[in-house]
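Understanding the architecture of this molecule
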Amino acid sequence: MKSSIAGKLAQLTLRLDELNQLLSSENVTANMENYRRLTREHAEIAPVVKLYQSYRKSEEDIQAAQEMATDPAMREFAEAEIRDTRQRLAQIEAELQQQLLPTDPNDDRNIFLEIRAGTGGDESALFSGDLFRMYARFAERNKWQVEVISQSPGEHGGYKEIIAKIIGRGAYSKLKFESGAHRVQRVPATETQGRIHTSACTVAVMPEADEIAAVVLNPAELRIDTYRASGAGGQHVNKTDSAIRVTHLPTGIVVECQDDRSQHKNKARALSVLAARIKDKQIRDQQQKTAATRKSLIGSGDRSERIRTYNFPQGRVTDHRINLTLYKIGAIMDGDLFDLTSALSAEHQTEQLSLLSEETQAA
């Protein structure tokens, strides 16, 4: 183990002792906010320190076995013990490195999923519909809920734009690398000469903000317009101004919602989406600052970045960020994204470990 990482673990051990003393004091609950902060920190540190103690104990076991090996009668036994314990040490060290990686506070959050047709006209809208079905089926496999917030159907099927909320623990952690440009190559149903067409859609995945509280929405910075909904819905939608358009003046972000007959519900949904978009912008701004120092292997999530190609004639899906090609397009379009999401997460962890190594070397 590198001395810099060992030093960090030793500091965490001292901090855990300090937390144990603070939490055992009589007046610790006098300030409940501070008490919750201390217990949360204790819960984060304790498993890491326990692993480190196991590591130190294994080191002591190796030293004892090496001393035992000087006895000819015990040498064979001692060498086997040293070999097994070194394997255990390597496993514990790998687990410790994983534990020391920074966690994304948004990982357990629900998400807002936005899919927009791009270049390719009707075919792009149809592909937007295919992508939405893919994510909805993936949500179903994870036992998550999908709630459509707003939709703008394409003229020949699919969607020009669709916004949905996916509700489920870990939704953001599994889908946060889906933001970007998705390209499709296939023969459209309307193509009479069998030519392959290329079109694209953009996907945005944003963590839900904490009941809008995480993002301060100043009423003075919002312009809220009401209008009559268009599209399906019977006579009712044409008689009342239930549709809502919210404009966030500082950023120019505009959200429209007309799916519900209730103006109040449409407004609440629009504000939730607006809060998520503002939070997403803040995250992307921070990512761009980080990328100026070192670009992540996963990418910044820039909407213009082509991240994946779906080639139907060849039956393959290629993720360009990690050079992964899978020949199972049917299963993937049916929501089997586990190979993709796990590979992206593993690559992200590899990058984090590399950064951790650099930071500890510089320390």
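Just so it is clear, the structure is predicted and the values come from calculations on it, not from any experiment.

**Regarding the overall build of the protein**
When you go through the protein residue by residue, the secondary structure sums to eight helices and eleven strands. The buried share of the protein, taken over its 363 residues, is 39%. Of all intrachain contacts in the protein linking residues separated by at least 6 positions in sequence, the fraction that spans at least 24 positions is 61%. For the protein, the exposed surface amounts to about 20000 Å²; the carbon and sulfur share of it is 48%.

**As for the sheet that holds strand E2 (residues 145-153)**
With respect to topology, eight strands assemble into an open sheet ordered E2-E3-E1-E5-E4-E9-E10-E11, the strand pairing being mixed. Where the open sheet ends on each side, the last strands, each with one partner, are E2 and strand E11 (324-326). Here the average twist between neighbouring strands, direction ignored, is 15°. Relative to strand E3 (residues 159-167), strand E1 (residues 111-117) runs antiparallel, the two being bridged by six bridges. When the bridges of E3 are listed, Phe 112 appears paired with Lys 165.

**A few points about the confidence of the model for the protein**
Confidence in the prediction of the protein, expressed as mean pLDDT, is 84, and 87% of residues score 70 or more. Low pLDDT, under 50, characterises residues 233-238; the stretch is placed with eight contacts to residues that sit more than four places away or in other chains. Predicted confidence for residues 292-303 stays below pLDDT 50, and this span has 31 contacts to residues more than four positions away or in other chains.

**Re unusual backbone geometry**
Phi is mostly negative for residues that are not glycine, and the peptide bonds are mostly trans. With phi around 60°, Lys 143 is a residue other than glycine that occupies positive phi space. Tracing the sequence through the fold places Lys 143 in the loop between helix H4 (122-141) and E2. For Lys 143, a relative accessible area of 74% translates into the label exposed. With a phi close to 55°, Asn 323 is a non-glycine residue in the positive phi region. Looking at where Asn 323 falls in the secondary structure, it is placed in the loop between strand E10 (316-319) and E11.

**Observations regarding the sheet that holds strand E6 (residues 222-227)**
Strand order across the open sheet formed by three strands is E6-E7-E8, with antiparallel pairing between neighbours. Every other strand in the sheet has two partners, leaving E6 and strand E8 (253-257) as the edge strands with one partner each. Strand-to-strand twist of the sheet, defined as the mean angle between neighbouring strand axes without regard to direction, takes the value 15°. Taken together, the five bridges between strand E7 (residues 243-248) and E8 define a ladder with antiparallel strand orientation. Bridging from a neighbouring strand, His 248 pairs with Ile 253 of E8.

**Overview of the pattern of salt bridges**
Inspection of the entire model under this criterion finds 24 salt bridges. Residue Lys 176 pairs with Asp 107 through a salt bridge whose shortest N-O separation is 2.8 Å. Here Asp 107 lies in the loop between helix H3 (75-100) and E1 and Lys 176 lies in the loop between helix H5 (171-175) and strand E4 (180-186), a separation of 69 residues in the sequence. Classification of Lys 176 as buried rests on a relative accessible area of 14%. Measuring nitrogen to oxygen at the nearest pair gives 3.1 Å for the salt bridge that ties Arg 133 to Asp 334. Placement of Arg 133 in helix H4 and of Asp 334 in the loop between helix H7 (329-333) and helix H8 (338-362) is noted, with a sequence separation of 201 residues between them. Overall, Arg 133 belongs to the partly exposed group, its relative accessible area being 43%.

**A few points about the packing of helix H2 (residues 32-68) against H3**
Working note: a packed helix pair is described by the angle between its axes plus the distance between those axes. The N-to-C vectors of H2 and H3 enclose an angle of 160°; their axes lie 9 Å apart at closest approach. Classified by the angle their axes make, H2 and H3 are roughly antiparallel. You can see that H2 and H3 cross each other, and the crossing is left-handed. Residues belonging to the contact of H2 with H3 are distributed by class as follows: 15 nonpolar, five polar and seven charged.

**A short note on the packing of aromatic side chains**
Across all of its chains, the model carries four aromatic pairs by this definition. Ring centres of Phe 127 and Tyr 310 lie 5.3 Å apart, and the angle between their planes is 65°; this geometry places the pair in the edge-to-face category. Of the two residues, Phe 127 is situated in helix H4 and Tyr 310 in strand E9 (residues 306-311); the sequence distance between them amounts to 183 residues. Side by side, Phe 127 and Tyr 310 carry an identical accessibility label, which is buried. When the ring of Phe 138 is compared with that of Phe 338, the centres are 5.1 Å apart and the planes differ by 55°; the resulting orientation is tilted. Taken together, the residues Phe 138 in helix H4 and Phe 338 in helix H8 connect sequence positions 200 residues apart.

What counts and what doesn't
Here the residue numbering is sequential within each chain, running from 1 through the sequence in written order. pLDDT decides what is reported in this predicted model: residues at 70 or higher carry local features, side-chain atom pairs at 80 or more are listed and counted, and totals for whole chains, interfaces and linings draw on all residues regardless. Note that the side-chain values use all heavy atoms of the structure and ignore hydrogens as well as water. Strands here mean DSSP runs of E at least two residues long; helices mean DSSP runs of H or I at least four residues long; both are numbered from the N terminus. For every residue, the accessible area (1.4 Å probe, protein chains only) is compared with the maximum for its type, and the residue is labelled buried under 20%, exposed over 50%, or partly exposed between those bounds. We call two residues contacting when some pair of their heavy atoms lies within 4.5 Å. Only the protein chains shown count as cover for residues, with accessible areas throughout obtained via the Shrake-Rupley method and a probe of 1.4 Å. Following DSSP output, two strands are said to pair if at least two bridges run between them. The axes are straight lines fitted to the C-alpha atoms, using for helices just the contacting stretch, and the angles between their N-to-C directions are given from 0 to 180°. Each residue carries a pLDDT score, the predictor's confidence in it, ranging from 0 to 100. Counted as salt bridges are all cases of a side-chain nitrogen of Lys or Arg within 4 Å of a carboxyl oxygen of Asp or Glu. Orientation categories follow fixed angle ranges, with anything under 35 degrees roughly parallel, anything over 145 roughly antiparallel, 65 to 115 roughly perpendicular, and all other angles oblique. Left-handed describes a crossing in which the near helix is turned anticlockwise from the far one by less than a right angle; the clockwise case is right-handed. Amino acid classes used here: Ala, Val, Leu, Ile, Met, Phe, Trp, Tyr, Cys and Pro are nonpolar; Asp, Glu, Lys and Arg are charged; the rest, including Gly, are polar. Only Phe, Tyr and Trp rings take part, Trp by its six-membered ring, and two of them pair if their centres are within 6.5 Å. Stacked means planes under 30 degrees apart, edge-to-face means over 60, and tilted covers everything else.

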